[in-house]
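# Architecture and fold: a report
Spelled out from the first residue to the last, the chains are:
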Amino acid sequence: MQTGGVSNMEKKTIILHVNGDQYEVTPSSTATLADVLRDELGLMGIRLMCNEGACGACTVLMDGEPTLSCMMPVMEAEGKEILTIEGLPDPVTGELHPIQQAFVDHNALQCGFCTPGMIMSAKALLDKNPDPTEKEIRKALSGNICRCGTYRKITEAVLDAAARLRNIKQQKNSTEKTNTEKSEEQESVWSIG
Amino acid sequence: MENTAELEYSVVGKRLPRKDAIEKVTGKFQCTADIQLPGMLYAKILHSPYSHARIVKIDTSKAEEVPGVKCVLTHLNTKKMHVNWHFGPPLDEVLHYQGEEAAVVAAITPKIAEEALKLIDIEYEVLPAVYDSEEALKPDAPLIHPDYRSDNTFRGYPWQPIGRMDEDGFLRLEYGDINKGLSEADIIVEGDNTNPMQFPISPAPRAVVADWQGDQLTAWIDSQTPNSQMPGIAGYLGIPQSKIRIISHCIGGYGNKQPVKCLYFAALIAKKTGRPVKMQYTREEDFIGTHRRVEFKVHNKVGVKKDGTITGMYSKCIANQGADTGFAFISMGTALVEPFTLLYDFKNSKAEIMGVTTNITSYGAVNGFGAPEGMYGVEKVMDKAAEAIDMDPIEFRLRNCIHYGSPAIEMQQAFNGPKDPVWGVLGPDLDAFRHLIEKCREDANWKEKWKGWHTPAAVNGAKRKGIGFAIGMHHAPYWASSSFVIMNPDGSATVMNNAVEIGQGFKTAVAQVVAESLGISYDKVTPVLSDSAVCGQAFGNVASQGTTSHVYSAKMAADNAREQMLAWAADKMGTTPDQLAAKNNFVYMKENPEKKMSIAEICGANYQIFGTFKNPPISALVDPKSGKIVSSYASTAAIVEVEVDTETGQVKVERMTGVNDVGVAINPDNCENQIDLGMIMAKGWVLNENPVIDRRTGAIMNPNLVDYKINTILDIPDRKDFVGEYVERPYPFGPYGAKGFSETACTAVAPAISNAVYNAIGVRVEDGFISPAAILRALEKKKQGR
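Residues numbered from 1 in each chain as written. Chains lettered and ligands numbered in written order. Predicted model: local features only at pLDDT ≥ 70, side-chain atom pairs only at ≥ 80, totals over all residues.

### What to know about the overall build of chain B
Regarding its fold elements, chain B presents 20 helices and 30 strands. Computed over C-alpha atoms, the radius of gyration of chain B comes to 27 Å, within 12% of the 28 Å expected from 2.2 N^0.38 for 786 residues, which places it in the range of a compact globule. C-alpha atoms of chain B, sized along the principal axes, occupy 85 × 75 × 50 Å. Residue burial in chain B is summarised as follows: out of 786 residues, 59% are buried. (Helix = DSSP H or I, 4+ residues; strand = E, 2+ residues; numbered from the N terminus. Rg over C-alpha atoms; globule rule 2.2 N^0.38 Å. Buried ≥ 20, exposed ≤ 12 C-beta atoms within 10 Å, placed from the backbone.)

And the structure:
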């Protein structure tokens, strides 16, 4: 790339693990994770509202922790598992993640700029606390500004998403249990045989 | 056509998912800043470091020599042409506020453009500046636009004359006899209020992309009113409007994303270089380089009788409009006809308002546009008036609030002219007002919580709780709008309108009314919005009129298509169109629903059906009872409960109840979201968002989201204590009874907070921005018995 009269930044090639894929990138040493995710990887769901860690719109998960990608030097993201809003839908079916679907069903968005960051913060919460109270939800989302003030419906959507995720887990558990029981039955049949 | 009011709606009134939901929850919604084109250049702005200065020398040669720099614009190589009523020449020799554009550099990377800006050799002659509206009116104040004004009062522009101002610069409205009215009063109550300015803070900083293909310009902009940018840019470039395609991807406007100055720079650079150009503001640029809420210094004087009758009100308002904007006139007009003369059933009223030019960032629309700023002062003084006669503040409002048939309506007509649908008179929908005040009182449990004047709701040591009430209103005019509805051969429909989805739910509302009118499923309707290449003219989504103008227009185009569809079907079915109805993707006989045809079959046989509509005819807007042209007005009432810490001055909003008139809710979820937006923005406006302007230099001291505090989820009450709701009184001239209401929700909350604080601490806070310092000052004053 032509850099003109601007001094050359130090560059280093690193591997980023994003949404289950690996990317080799060579950013300048001062680049943020948000810069690289948007400009190099084309992940435009990273929204830049303040670009100084005050609004939460650029939130991604790094090893499961909600992280402000505009404040994160990309070099520090090397080797970490990064999940962005683009990585949430089911990779095979394309089906929305239950949190995304709950935001759709509750119309928990208006201009939509804060929505990806809000959903990622909600995911970080629900991964750790599957049955949060309204107070816990408010605390977990307090770093994400919604200028449209859609907080009421966002809270409703997260409460509903938590219930949906618990249901899915329960169903999965009972299916697994049934499968285990079946295989145990089979085993006993075989042992008799 | 059948009377739709008698039918159960299939789509309208349902909580259907937004049409833009999927792209927004997946992060795929394309913002202007996300657009990348091959060979793109990036342009950056050199902002004036002074509030008032003349450029005496500008040498850009060193910047131009930087490898990668492709174009530099200054006032020397751009046309000095006043582009429209929003602002003067895009680049000017004299700069009127700190942050105004002095030069623009385009380069192959944003970084190179930024570095090259530093190499521009520029010398300024610093001119005397003035920031306060009253200072600017003094005879020795520096003159801000000496080329076309002899003082700093706003009187329109030579290139855009605006009439109606009196010789002294005031815009006036008077009816009845104010002197007689005030002399009939038992008590006269007065009050002053200066509101904080507030920045709109759209989440997406402004961005523009411009690209020329041959003689055709395509511009992607981030504006609520792309259509109204067309004449300005076409005029400036000297090309026909047909050569310009404007596409708007707008993220959260709050009234403010209208004029797009960087459109001019991007279009010029793209033309000169033959390459696509992107301009994107930083958050700080979006603060300093755009617009903010107007500051009104208001004085109100109201006369009341002991029985609660208002005998008259006089209002005087000085508006600090900042450096330059034609918006000032409209906001002054809004203030004049809403808070100062139309909130109450005045028999005698006089209001005068003056716009003053100063050297701070310009005024632009922000959620309410003159209404909340004016109502803030009016509703503080009305609280005082109720107190003066020892009447319950809600009873006082119920007794006096405007209603259908108020004489003010005649006055409105006289002021605005009989055939102006933009400023039409009040219609019968206004009778929702008393109903929603009562509902608000009930839902907030006012009768139990209000302990009477001079008695706080509760006292716990240094913490005191208070409850306050206020009302508000805002009008939604009819503005130009055309729509096309295409019924495709498979029975689906595409609807085209040039207004914009900015987050308010416009796209969804359009789809719901079109689906309802055509009798097809919601998921079969696709709106195509805000693209001038395929849509007709439509003013854009401002002034809460998206529903009354553009959703209405889409509905009328759909009705037009439906008539054609029914006419064809009637012929095939051997009946007349009036015997047919359309619902659930079928056209059927009303008397014999078993006899039906699928809409897909009808559309397929017709190849396509086109429905069109252009502007509501004036005759369609006449109220049959009064014979007058009407404009839709939405009313609101709010009760706020606060806790004030008298040791620290901290105010906590513990509960908010807001009830709004929406006509009919096309999508209840989206209506509730818009109400929440208005209430929360009003809360931030008076309690935590304060633009700090250095009154010695004009600099904005907190142009970032660390120092400028927007409400987070923890700054508003939780769900059980946040009641934002609506009442439905079908508006006869809106689509399925709906009307614009969004900004109304912002109007009553601010004064209700101030009134609640008074109830808590027993002393009125004079400051519009209710900071801890303002509370402590008021308490100190009370202590000293002043």
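That covers the picture; the talk isn't over yet.
### Details of the interface of chain B and chain A
Contact with chain B, which involves 48 residues of that partner, is made by 44 residues of chain A. For the side of chain B that touches chain A, the secondary structure elements donating two or more residues are helix 1 (21-25), helix 3 (110-117) and helix 18 (668-687) of chain B. Sorting elements by how many residues they give to the side of chain B that touches chain A places helix 18 of chain B first, with seven residues. When its residues are assigned to classes, the side of chain B that touches chain A shows 24 nonpolar, twelve polar and twelve charged. (Contact = placed C-beta atoms within 7 Å. Nonpolar A, V, L, I, M, F, W, Y, C, P; charged D, E, K, R; others polar.)

### Describing the domain arrangement of chain B
All names here are of chain B. What the domain assignment lists for chain B is domain 1 (4-29 + 479-615), domain 2 (38-127 + 206-280) and domain 3 (295-477 + 624-783). The distance between the C-alpha centroids of domain 1 and domain 3 comes to 36 Å. Listed per partner, the contact involves 25 residues of domain 1 and 26 residues of domain 3. Taken together, the elements giving at least two residues each to the side of domain 1 that touches domain 3 come down to helix 15 (506-518) and helix 16 (546-573). (Domains from an automatic or database assignment.)

### A look at the pairing of strand 12 (residues 216-221) of chain B
Residues and elements named next belong to chain B. Among the six residues of strand 12, five are classified as buried, and the element is accordingly described as predominantly covered. As paired elements, strand 11 (residues 207-213) and strand 12 share six bridges and run antiparallel to each other. In the sheet register, Q213 faces strand 12, and the bridge partner there is Q216. Here strand 11 folds back onto strand 12, and the loop between the two strands holds two residues, one of which, G214, carries a positive phi near 60 degrees. Bridging between strand 12 and strand 13 (residues 244-248) involves five bridges; their strand directions are parallel. The partner of I221 across the bridge, within strand 13, is S248. In the classification by handedness, the crossover that spans strand 12, the intervening helix 6 (residues 226-237) and the parallel strand 13 is right-handed. (Pairing = 2+ DSSP bridges. Right-handed = clockwise from strand over helix to strand, strands pointing away.)

### Some details on the environment of E115 of chain B
Positionally, E115 of chain B belongs in helix 3. Overall, E115 of chain B belongs to the buried group, with 22 C-beta atoms counted inside 10 Å.

### Some thoughts on helix 16 of chain B
Residue and element names in this part refer to chain B. Compared with an ideal rise of 1.5 Å per residue, which puts 28 residues at 40 Å, helix 16 spans 38 Å between its outermost C-alpha atoms and is within 8% of the ideal. The sharpest bend along helix 16 reaches about 25 degrees and sits at Y552. Once helix 16 ends, the next one or two residues include G574, with phi positive near 65 degrees. (Expected span 1.5 Å × (residues − 1). Bend = angle between axes of the 7 residues up to and from the residue.)

### Points about the environment of I239 of chain B
All names here are of chain B. Counting through the fold element by element, I239 comes out in the loop between helix 6 and strand 13. A C-alpha to C-alpha distance of 8.9 Å links I239 and D215, two positions 24 residues apart in sequence. Aside from chain neighbours lying at most four places away, what touches I239 is A234 and I244.

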